[in-house]
Structure formats: structure tokens, C-alpha cells
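The lines below spell out each chain.
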Amino acid sequence: MRIVFDIGGSVLVPEDPDIDFIKAMAYELVKISEDHEVAVVVGGGKVARKYIQAAKEFTPNETFKDYIGIHITRANAMLLIAALGEKAYPFIIQDFRKAWEVIQLKKIPIMGGTHPGHTTDAVAALLAEYLQADLLVVITNVDGVYDSDPKKNPNAKKLDRITVDQLVEIAMQEESKAGGSGVVDALAAKFIQRGKIKTYIVGKKDAYHLFDVIKGKHSGTIVEP
Ligand code: UTP
């Protein structure tokens, strides 16, 4: 299989870099890459949010702030490159076509953000579409997609299996709320829909067993294209 992994910055670097988690990810990704083609996109998480917040004191320019966020995602991507060692392509990939080329070299391409105006979820969805990936695995700080926000509603129910149309609907609902922390951003959901990409959305606990996750053995949400 060709698999794209989308690792949320808030999972990789919650406050400080989660060394044990990064090590575990590197181990699992190298193991998976022995039998599959693997590409990874890394997010910015809390550090990106802190920098963007600080920049608000100096400029109202949203695009400028997006660039700051992109730099942080790339710093996180460098950490994963370091942890992956020989198996990773040593430069951060900024172009989907280059990611394809790196896969042909039997190395793992690692991306952070690319352009202002979206998040790394959208980058991962576009990468999966470009590579015609068999599977997109989104690792996020919630353990799947819920029918309402589990942080606000204790009765929120996790959805084991949804259609991509449902994912788009849920992502759009979340995005329309101020400060909404949707599990996947709406643009990414749209790209997943357009690319007809089979997607698993899982939490950090499941991510420790990525080898099982790619076989569909996880407690997250399966999104059917
Ligand atoms: P993230 O992808 O990390 O956003 O990008 P996030 O929603 O905070 O995701 P988690 O917490 O990592 O899962 C951080 C910021 O970087 C900019 C945006 O401002 C985004 O909010 N960014 C990122 C871009 O402008 N373009 C990109 O391609 C990626």
C-alpha cells in the first residue's frame, strides 16, 4: 500500500516535544516502510498557535502569521526527520511531485506546511490525492470523529465508520463555530472527498500501534470514500 500519515503537531509536540512518542512513531514508520510506501505530514500544534498569537501583537497580516505557522510545522518535521535517521529524506519536502520522487528512492518524504491559508490536514489530503495513496491516516488529539464536540458534550458519541460526505458535513459544522476545534479542517475534508481517499482518523493511543492501524485495527473512525 501507499500510505500518507498526517501527524498533528499537538500530538507530536503537546507542550514540549514528546520524545517517547516521536521515537515510537519513527520505529513504527520505519517498520511499515519495509512493506509499504510511506509519506508523512507534520503539524505545528501549540507552538505554532503560541507564535501566531504573539505575532498578532505586531501585525494584523493573517498570511504573514500563516508563514510563521508553516515554519513551526517544518521545525517539527525536522525532529521527525532526525528520529527517522537514514530512512528519511533529509530535506523537508515542499512540493508533492518531489514527495513522489523521494518515494521512488525508497525513502520517506516528510512535509510540514506548504502555503498560507490552510492547515497541514489539507496538505496531507492533497498529498494523498497527488500520490494516489491507498490510505490516509490522520493522527490527532481526539481519538476519532464524534457526533458532537466530546470536550463540551459528555454524551458525545464516537462514530466508528462514516462516509466522506458525513465527514465534510461535520467538519463544516465545526468550522462555522468560532474557535471550533474540528478533528479535521473543512478544506481537508473536501480534498478527502474529491480524492476519494480512504481515511482513518485515530488518536495518540492508537498511533503507538500504527502497524495495526493500517490494517484497520484501531478504535478511531473509518471514513469511507
Ligand atoms: P497546523 O496544521 O499545525 O494547524 O498548522 P492546527 O490546526 O493547529 O493542527 P495541529 O494542532 O497541529 O493538529 C498551524 C498553522 O500554520 C499555518 C496556519 O496558520 C495553521 O493554523 N499553516 C500550516 C499554513 O498556513 N499552511 C500550511 O500548509 C500549514
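Coordinates for the structure precede this section.
These figures come from a predicted structure and were not determined experimentally.

A.B. asks: Would you take a moment to explain the nonpolar core for this structure?
C.D. replies: Side chains of a nonpolar character, in soluble globular proteins, are inclined to be buried together. Core analysis: the biggest nonpolar cluster contains 42 residues, and Val 4, Leu 127, Leu 136, Val 145, Leu 167 and Ile 201 have the highest contact counts within it. Looking at this core, the elements that each hand over two or more residues are strand E2 (37-42), helix H5 (96-104), helix H6 (120-131), strand E4 (135-139), strand E5 (145-146), helix H7 (164-176) and helix H8 (186-195). With near-sequence residues (within four places) excluded, Leu 167 lies in contact with Val 145, Ile 162, Ala 189, Ile 192, Ile 201 and Val 223. One finds Phe 21, Val 42, Leu 84 and Ile 110 within the second-largest nonpolar core, a separate group that totals 33 residues.

A.B. asks: Where do I start with the site of the ligand in this structure?
C.D. replies: By nearness alone, 21 residues border the ligand, and Gly 9, Gly 44, Asp 66, His 115 and Thr 120 come closest of all. Between Ser 10 and the ligand, the recorded distance is 3.3 Å, taken from a side-chain N or O atom to an oxygen atom. Within the side chain of Thr 120, one N or O atom sits 2.4 Å away from an oxygen atom of the ligand. Within the complex, 84% of the 590 Å² of free accessible area of the ligand lies under protein. Among the elements that make up the shell around the ligand, the one with the highest residue count is helix H3 (residues 45-55) (four residues). Counted by class, the shell around the ligand contains five nonpolar, 14 polar and two charged residues.

A.B. asks: What is the right way to read the packing of helix H2 (residues 19-33) against helix H4 (residues 62-84) from this model?
C.D. replies: Pairs of packed helices are described in terms of their axes, by the angle between the two and the distance that separates them. Viewed as axis vectors pointing N to C, H2 and H4 meet at an angle of 60°, and their least axial separation amounts to 9 Å. As the angle between them shows, H2 and H4 are arranged oblique. For H2 against H4, the interelement crossing comes out right-handed. Facing H2, whose interface residues are Ile 22, Met 25, Ala 26, Leu 29 and Val 30, H4 presents Leu 79, Leu 80, Ala 83 and Leu 84. The residue inventory of the contact of H2 with H4, partitioned by class, reads nine nonpolar, no polar and no charged.

A.B. asks: Could you clarify how one ought to interpret the packing of aromatic side chains in this entry?
C.D. replies: The description of an aromatic ring pair rests on the distance of the ring centres and on the angle between the ring planes. With the rule as written, the count across this model stands at two aromatic pairs. Both rings, one in Phe 21 and one in Tyr 208, keep their centres 5.4 Å apart while their planes meet at 75°; by these two values the pair is edge-to-face. One end of the pair, Phe 21, is in helix H2; the other, Tyr 208, is in the loop between helix H9 (204-207) and helix H10 (210-213), and 187 residues separate them in sequence. Taking the relative accessible area as the measure of exposure, Phe 21 reaches 0% and is therefore buried. When the ring of Tyr 89 is compared with that of Phe 91, the centres are 6.2 Å apart and the planes differ by 55°; the resulting orientation is tilted. Overall, the relative accessible area of 19% leaves Tyr 89 in the buried class.

Reading the values: the criteria
Within every chain, residues take consecutive numbers counted from 1 along the sequence as written. The model is predicted, so local features are restricted to residues of pLDDT at least 70 and side-chain atom pairs to those at 80 or more, both for listing and for counting; the totals for chains, interfaces and linings are taken over all residues. Hydrogens are left out, water is left out, and the side-chain values use all remaining heavy atoms of the structure. By nonpolar core we mean a set of buried residues, namely Ala, Val, Leu, Ile, Met, Phe, Trp, Tyr and Cys, connected to one another through side-chain atoms within 4.5 Å. When accessible area is computed with a 1.4 Å probe and restricted to protein chains, residues below 20% of their type maximum are described as buried, those above 50% as exposed, and intermediate ones as partly exposed. Secondary structure counts use DSSP, requiring at least four H or I residues in a row for a helix and at least two E residues in a row for a strand, with both numbered from the N terminus. Any two residues whose heavy atoms approach within 4.5 Å are treated as being in contact. Residue proximity to a molecule or strand is established when one non-hydrogen atom of the residue lies within 4 Å of it. For this analysis, a polar contact is any N or O atom pair within 3.5 Å, provided that within protein one partner can donate a hydrogen and the other can accept it, and provided that sequence-adjacent residues contribute only side-chain to side-chain pairs. Only the protein chains shown count as covering a residue, and every accessible area follows the Shrake-Rupley method with a 1.4 Å probe. Charged residues are taken to be Asp, Glu, Lys and Arg, nonpolar residues to be Ala, Val, Leu, Ile, Met, Phe, Trp, Tyr, Cys and Pro, and polar residues to be all remaining types, Gly included. Inter-axis angles, ranging from 0 to 180 degrees, are taken between N-to-C directions of lines fitted to C-alpha atoms, where helices are fitted over the stretch in contact. Here is the rule for angles: anything less than 35 degrees is roughly parallel, anything more than 145 is roughly antiparallel, 65 through 115 is roughly perpendicular, and the remaining ranges are oblique. Here a crossing is taken to be left-handed if its near helix is turned anticlockwise relative to the far helix by less than a right angle, and right-handed if that turn runs clockwise. Aromatic rings from Phe, Tyr and Trp, taking only the six-membered ring of Trp, are treated as a pair when their centres fall within 6.5 Å; an angle between ring planes under 30 degrees marks them as stacked, one over 60 as edge-to-face, and anything in between as tilted.

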